[in-house]
Amino acid sequence: MTLSLTRKEAAAKIMVGLDKPDAEAALQVASRLEGTGCWVKVGMELFYAAGHEIVRELKKIGFKIFLDLKMHDIPNTVRGGARSIARMGVDMFNVHAAGGSAMMQAAMQGVNDAVEAGEAQSAPLVIAVTQLTSTSRETLNGEIGIAGSVEEAVVRYAVLAKHAGLQGVVASPLEVEAIKAACGEGFLTVTPGIRPAGAALGDQARVTTPREAVDGGTDYLVIGRPIVAEPDPAQALESILKELTES
Ligand code: C5P
């Protein structure tokens, strides 16, 4: 089914991966995207270099922020980490489902700790990474040691995350249908591995175009290099929005 989206709806589904080495480079791209209504995703590269300050700057510009730090540690540490993240006022963050239910529940407790203590005005959405979109079946079976298909592993993690009380998962757009069937329509899917037709794959293995992802029911499209590594990021975002608003 081809979904017809308004420009506002399409922009609100896009999370631009600001994978840049420092605040200056990130803000250069962000300033070009100001006012479009898209989210920005702050991952390890940028956060480890520019920390809380860049989050504050991006919030000041008005972006919704997905902090993509993929926590994976013992429950007590994750609980404390989640509390610190909630205090920063981001809108979404993530943990690895491979950490298990107790760890994922601890992330939710950390968020509650921050809200109850009045340190966070609202609770960020917490989602779980299932399998990285760079993971192929060969890597899953031969290196990580998980048997079966990538989709089976992803759906098992998604169900675990849902039972732990998380609001959604990160997965490939190719797995959205199976996740929604197992966890319900309201369970959020955030999907990297998006490549407009003709764009370089880079290290991504399980990809679709933006249009295919939206038609497959994904809630949020994470798009990094096809926007931020382009000479004109605003124009790159524009052409993706155009593709999504044409039915
Ligand atoms: O440049 P590209 O569009 O491949 O960027 C995808 C972004 O999504 C990167 O920031 C990457 O860290 C992130 N991501 C991913 N796969 C996951 C979780 C996050 O590619 N499972």
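Residues numbered from 1 in each chain as written. Predicted model: local features only at pLDDT ≥ 70, side-chain atom pairs only at ≥ 80, totals over all residues. Heavy atoms only, no water.

An unreviewed UniProt entry lists the protein chain under the name Orotidine 5'-phosphate decarboxylase, with Cohnella ginsengisoli given as the organism. Taken verbatim from the UniProt record of the protein chain, the Pathway (unreviewed entry) comment is "Pyrimidine metabolism; UMP biosynthesis via de novo pathway; UMP from orotate: step 2/2." A UniProt comment under Subunit (unreviewed entry) is attached to the protein chain, and it reads "Homodimer." (UniProt positions renumbered as here; feature names shortened; annotations may be inferred.)

> What exactly am I supposed to notice about the side chain of lysine 13 here?
Within the secondary structure, lysine 13 sits in the loop between helix H1 (7–12) and strand E1 (14–17). As a buried residue without a salt bridge, lysine 13 has its nearest oppositely charged side chain in aspartate 219, at a separation of 4.9 Å. A polar contact is formed between the side chain of lysine 13 and the backbone oxygen of threonine 218, at a distance of 3.0 Å. Setting aside its immediate chain neighbours within four residues, lysine 13 contacts Leu5, Val214, Thr218, Asp219, Tyr220 and Leu221. (Helix = DSSP H or I, 4+ residues; strand = E, 2+ residues; numbered from the N terminus. Buried < 20%, exposed > 50% of the residue type's maximum accessible area, 1.4 Å probe, protein only. Lys, Arg positive; Asp, Glu negative; His and termini not counted. Salt bridge = Lys/Arg side-chain N within 4 Å of Asp/Glu carboxyl O. Polar contact = N/O pair within 3.5 Å; in protein donor to acceptor, adjacent residues only side chain to side chain. Contact = heavy atoms within 4.5 Å.)

> Explain the pairing of strand E3 (residues 65–71) here, please?
On a regular strand, one side chain projects to one face of the sheet and the next to the other, so that they alternate. Burial runs high along E3: six of the seven residues are buried. What joins strand E2 (residues 39–43) to E3 is helix H3 (residues 44–61), and the crossover it makes is right-handed. Pairing geometry for E3 and strand E4 (residues 92–96), over three bridges, is parallel. Bridging from a neighbouring strand, methionine 71 pairs with valine 95 of E4. (Right-handed = clockwise from strand over helix to strand, strands pointing away. Pairing = 2+ DSSP bridges.)

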